[in-house]
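These are the residues of each chain, in order.
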Amino acid sequence: MTENLWLDRWNDRYSSEEFAYGTEPNNYLKEQLEKLKPGTILFPAEGEGRNAVFAATKGWEVFAFDISNEGKNKALQLAANHNIAIDYQVGELQTLNFQAEQFDVIALIYAHFPAEIKSSIHRMLDQYLRKGGVIIFEAFSKNHLDYIAKNERVGGPKDIGSLFSIDEIKADFPNYSIIELEEKEIELHEGLFHNGTGSVIRFVGQKL
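These remarks concern the structure in this document.

Cut-off values and rules
- Residues numbered from 1 in each chain as written.
- Predicted model: local features only at pLDDT ≥ 70, side-chain atom pairs only at ≥ 80, totals over all residues.
- Heavy atoms only, no water.
- Helix = DSSP H or I, 4+ residues; strand = E, 2+ residues; numbered from the N terminus.
- Contact = heavy atoms within 4.5 Å.
- Core = buried A, V, L, I, M, F, W, Y, C linked by side-chain atoms within 4.5 Å.
- Buried < 20%, exposed > 50% of the residue type's maximum accessible area, 1.4 Å probe, protein only.
- Pairing = 2+ DSSP bridges.
- Right-handed = clockwise from strand over helix to strand, strands pointing away.

### Remarks on the environment of isoleucine 135
Reasoning step 1: Mapped onto the secondary structure, isoleucine 135 falls in strand β5 (residues 129–140).
Reasoning step 2: Distance in space between the C-alpha atoms of isoleucine 135 and glutamate 187 is 22 Å, their sequence separation being 52 residues.
Reasoning step 3: Residues in contact with isoleucine 135, not counting those within four places in the same chain, are Ile106, Leu108, Leu129, Phe173, Tyr176, Phe203, Val204 and Gly205.

### Some points on the nonpolar core
Reasoning step 1: Formed by 33 residues in total, the largest nonpolar core has its most connected members in Leu33, Ile41, Phe43, Val62, Ile86 and Ile136.
Reasoning step 2: Tallying contributions element by element places helix α3 (residues 50–57) first for this core, with five residues.
Reasoning step 3: If near-sequence neighbours (up to four positions away) are discounted, isoleucine 86 is found in contact with Ala52, Val53, Ala56, Val62, Ala75, Leu76 and Ala79.
Reasoning step 4: Core analysis: the second largest hydrophobic core is formed by 26 residues, Phe103, Ile106, Ala111 and Phe164 among them.

### Side note on the pairing of strand β4 (residues 103–109)
Reasoning step 1: The buried fraction of β4 amounts to six of the seven residues, a majority that puts the element mostly inside the structure.
Reasoning step 2: Here two bridges tie strand β1 (residues 40–43) to β4, and the two strands are oriented parallel to one another. Looking at β4, one finds that isoleucine 41 is bridged to valine 105.
Reasoning step 3: The sheet contact formed by β4 and β5 spans six bridges and is parallel. The residue bridging phenylalanine 103 from the neighbouring strand is leucine 129, located in β5.
Reasoning step 4: Following the backbone out of β4, through helix α5 (residues 118–127) and into the adjacent parallel β5, one traces a crossover that is right-handed.

Everything listed here is a matter of coordinates, which is why it stays silent on function.
Below is the structure:
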């Protein structure tokens, strides 16, 4: 998929009044953040801001980015509804001005980057996490294609290269102590586009 088609796809999805994935935070993110003391957190590919806004309401200093201006607009609207502020940038990661070891946590929640760049993005993000910092990750597994075939409403990429395996996560984050890493079947009820049974990879790792 060319860069412009990719951008158009997300701007189109986020341009309607309704929130594509709802306004409530992802369950796994919520569960993991409750175990941590608030600090600085980065949300890559954050879309309409449901997770970033939730973290800000819990006392985190929140940074987020996405390629979609429409996503940012919705995220800032949601943040204003909650009377909180988030730092939300639009652009590709290599063009943004994050600093080495800036963050205590990086939360990758359904951050499905195109197959050819996803591992390099993970490696870039690693630089921005401090030693002892935590990655929280949930995204669709390669086996999720079977679930889409049965129910398109569950959502997720339809190309296997954009989906994840446990081995890929181990390869992309080699310098982490694995707190949790599993493939799991879960039920999703997130807005318009994540509904039904799906297969995900869940990962929590602490940077060594």
